[in-house]
Amino acid sequence: MKQNTLKAAVLISGTGSNLKALINAVESAGLELNIVRVVSNCEDAAGITHATAANIPVKVISHTAFPDRQSHDAAVTKVLQQDQAELIILAGYMRILSEDFTNNYCGRMINLHPSLLPLYKGLDTYNRALLSGDTQTGASIHFVTAGLDSGPVISQVKIPILPDDDVASLSTRLGPLEHKLLVATVELFCNRKVHYQQDSVLYLGHALEQPLQLKHDGSFF
Ligand code: GRF
């Protein structure tokens, strides 16, 4: 690994398929990323096994052990600081974050969300897209700022909603594309092509007017 390889921490709560996609990309596709830590707020998160199999240090910090959101986030912050993580990747981390935490990592923390933001912040996104009669759905990666699933959107991937689609079929079709979106977006950070500036995304030095769109082959257009 090169000396200036970006150090990232990945925060999870569950399955960790996106974490696994990042690990695969590092191990087999030449992604120059140093995953220095995985943090889970759930001790039984299945994704922990992906980290241990790849020899990535894991810290379980259960939110149930803390009196409030702020003290839990402070414990997470302490670990991230010890690890000198430069990029914080929320990959299925099912926690609302305190303002101290989002302020502290403003411009250095990204979240993967299963909708075409700004549509459908929060939960149950596929169902809400179906109920609204939308003709497409997708996933977004955004910088995390105070406010649920807010913050400037860096990148998106879209799929059409077909007449027979339901939540399960959308999730099956979108899952692999979410993985590609995360890997391709993190690669932009590894190559220092993306930065945060005053509530906007700088891509190659210019403010993005629209999120980058991922082609289904894994590249942006
Ligand atoms: C993904 O669908 C992501 O969009 C959402 O949570 C899910 C995480 O899946 N934020 P996994 O734990 O990475 O498998």
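Residues numbered from 1 in each chain as written. Predicted model: local features only at pLDDT ≥ 70, side-chain atom pairs only at ≥ 80, totals over all residues. Heavy atoms only, no water.

## A short note on the packing of aromatic side chains
Convention followed: Only centres within 6.5 Å qualify two rings of Phe, Tyr or Trp (six-membered ring in Trp) as a pair; their planes then separate them into stacked at under 30 degrees, edge-to-face at over 60, and tilted for everything else. In this text, helices come from DSSP runs of H or I with a minimum length of four residues, and strands from runs of E with a minimum of two, each type numbered from the N-terminal end. Burial here depends on accessible area, computed with a 1.4 Å probe over protein chains only, as a share of the maximum for the residue type. Under 20% is buried, over 50% is exposed, and the range in between is partly exposed.
Summed over the entire model, instances satisfying the criterion amount to 3 aromatic pairs. A ring pair is formed by F143 and Y196, whose centres lie 5.2 Å apart and whose planes are at 75 degrees; its orientation type is edge-to-face. Placement of F143 in strand β6 (residues 136-143) and of Y196 in strand β8 (residues 194-197) is noted, with a sequence separation of 53 residues between them. Since its relative accessible area comes to 0%, F143 is described here as buried. Each member of the aromatic cluster is reached from another via a ring pair, and the members are F143, F189 and Y196.

## Here we look at the layout of surface pockets
The following threshold applies: Only protein atoms enter the 1 Å grid, on which a cavity is a set of points fitting a 1.4 Å probe that cannot get out and a pocket is an open set with protein on both sides within 12 Å along at least 5 of 7 lines, lining residues being those with an atom within 4 Å of a point. Grid points are joined across faces, edges and corners, and a volume is the space filled by probe spheres set on the points. For this classification, the nonpolar set comprises Ala, Val, Leu, Ile, Met, Phe, Trp, Tyr, Cys and Pro, the charged set comprises Asp, Glu, Lys and Arg, and every other residue, Gly included, is treated as polar.
Estimated volume of the largest pocket: approximately 930 Å³. At the level of secondary structure, the elements contributing two or more residues to the lining of the largest pocket comprise α1 (17-28), α4 (99-104), β5 (109-113), α5 (125-131) and α6 (167-190). It is α6 that contributes the most residues to the lining of the largest pocket, 4 residues altogether. Its residues placed into classes, the lining of the largest pocket shows 14 nonpolar, 20 polar and 5 charged. Taken as a whole, the second largest pocket spans an internal volume of roughly 180 Å³. Around the second largest pocket, the lining residues are L6, E86, L87, G107, R108, F189, R192, V194, H195 and Y196. For the lining of the second largest pocket, the element with the highest residue contribution is β8, accounting for 3 residues. Of the residues contributing to the lining of the second largest pocket, the split by class is 5 nonpolar, 2 polar and 3 charged.

## Side note on helix α3 (residues 69-82)
Rules: By this rule the span expected of a helix is its residue count minus one, scaled by 1.5 Å. The arc refers to the directions leading from the helix axis to the C-beta atoms. Whether two residues are in contact is decided by their heavy atoms, any of which lying within 4.5 Å being enough.
Helix length check: α3 (14 residues) gives 20 Å between terminal C-alpha atoms against 20 Å at 1.5 Å per residue, within 8%. Those residues of α3 that fall on the buried side of the exposure criterion are H72, D73, V76, T77, V79 and L80. Looking straight down α3, one finds that the buried residues subtend no more than 160 degrees of arc, so they occupy a single side. Exposed residues on α3 whose side chains face more than 90 degrees from its buried face are K78 and Q82. Structurally, α3 contributes buried residues whose contacts are with β1 (6-12), β2 (33-40), β3 (58-60), β4 (87-90) and α4.

## A closer look at the sheet that holds β4
Heads up, the condition is: What makes two strands pair is DSSP finding at least two bridges between them. Note on method: axes are straight lines fitted to C-alpha atoms, helices fitted across the in-contact stretch only, with angles between N-to-C directions ranging 0 to 180 degrees.
Strand order in the open sheet formed by 8 strands is β3-β2-β1-β4-β5-β6-β7-β11, with mixed pairing between adjacent strands. For this open sheet the edge positions go to β3 and β11 (212-213), each flanked by a neighbour on one side alone. Of the pairings in the sheet, the one linking strand β7 (residues 153-160) to β11 comprises 2 bridges and is parallel in character. Bridging from a neighbouring strand, S155 pairs with L212 of β11. Relative to the sheet, α1 contacts β1, β2, β4 and β5, its axis offset from that of β2 by approximately 160 degrees.

## Observations concerning the nonpolar core
It is characteristic of soluble globular proteins that their nonpolar side chains tend to be buried jointly. This is how the line gets drawn: Side-chain atoms within 4.5 Å link the members of a nonpolar core, which is a set of buried Ala, Val, Leu, Ile, Met, Phe, Trp, Tyr and Cys residues.
In this structure, V10, L22, I89, I110 and V186 are the most contacted members of the largest nonpolar core, which totals 47 residues. Ranked by the residues each element gives to this core, the list is headed by α6, at 11 residues. The residues touching I110, leaving out its near neighbours within four places in the chain, are L87, I88, I89, L90, I141, H142, F143, V144, I154, V186 and F189. V36, V79, L97 and V144 belong to the second-largest nonpolar core, a separate cluster that totals 17 residues.

## Side note on the site of the ligand
The condition is simple: The near set for a molecule or strand comprises every residue that places at least one heavy atom within 4 Å of it. Any N or O atom pair separated by 3.5 Å or less is treated as a polar contact, with the protein-specific requirement of one donor-capable and one acceptor-capable atom, and with residues adjacent in sequence counted only for side-chain atom pairs. For every accessible area listed, the method is Shrake-Rupley and the probe measures 1.4 Å; residues are considered covered only by the protein chains on display. Whether a molecule lies in a cavity or pocket depends on its atoms, and more than half of them have to be within 2 Å of the grid points.
Lining the immediate environment of the ligand, one finds T15, G16, S17, N18, G92, L112, H113, P114 and E178. One of the side-chain N or O atoms of S17 is found 2.5 Å from an oxygen atom in the ligand. Contact with the protein chains covers 80% of the free accessible surface of the ligand, which is 370 Å². Judged by the fraction of its atoms near the pocket grid, the ligand is located in the largest pocket. Looking at the shell around the ligand residue by residue, the class counts come to 2 nonpolar, 6 polar and 1 charged.

Honestly, that's just the spatial picture; any functional story needs more than this.
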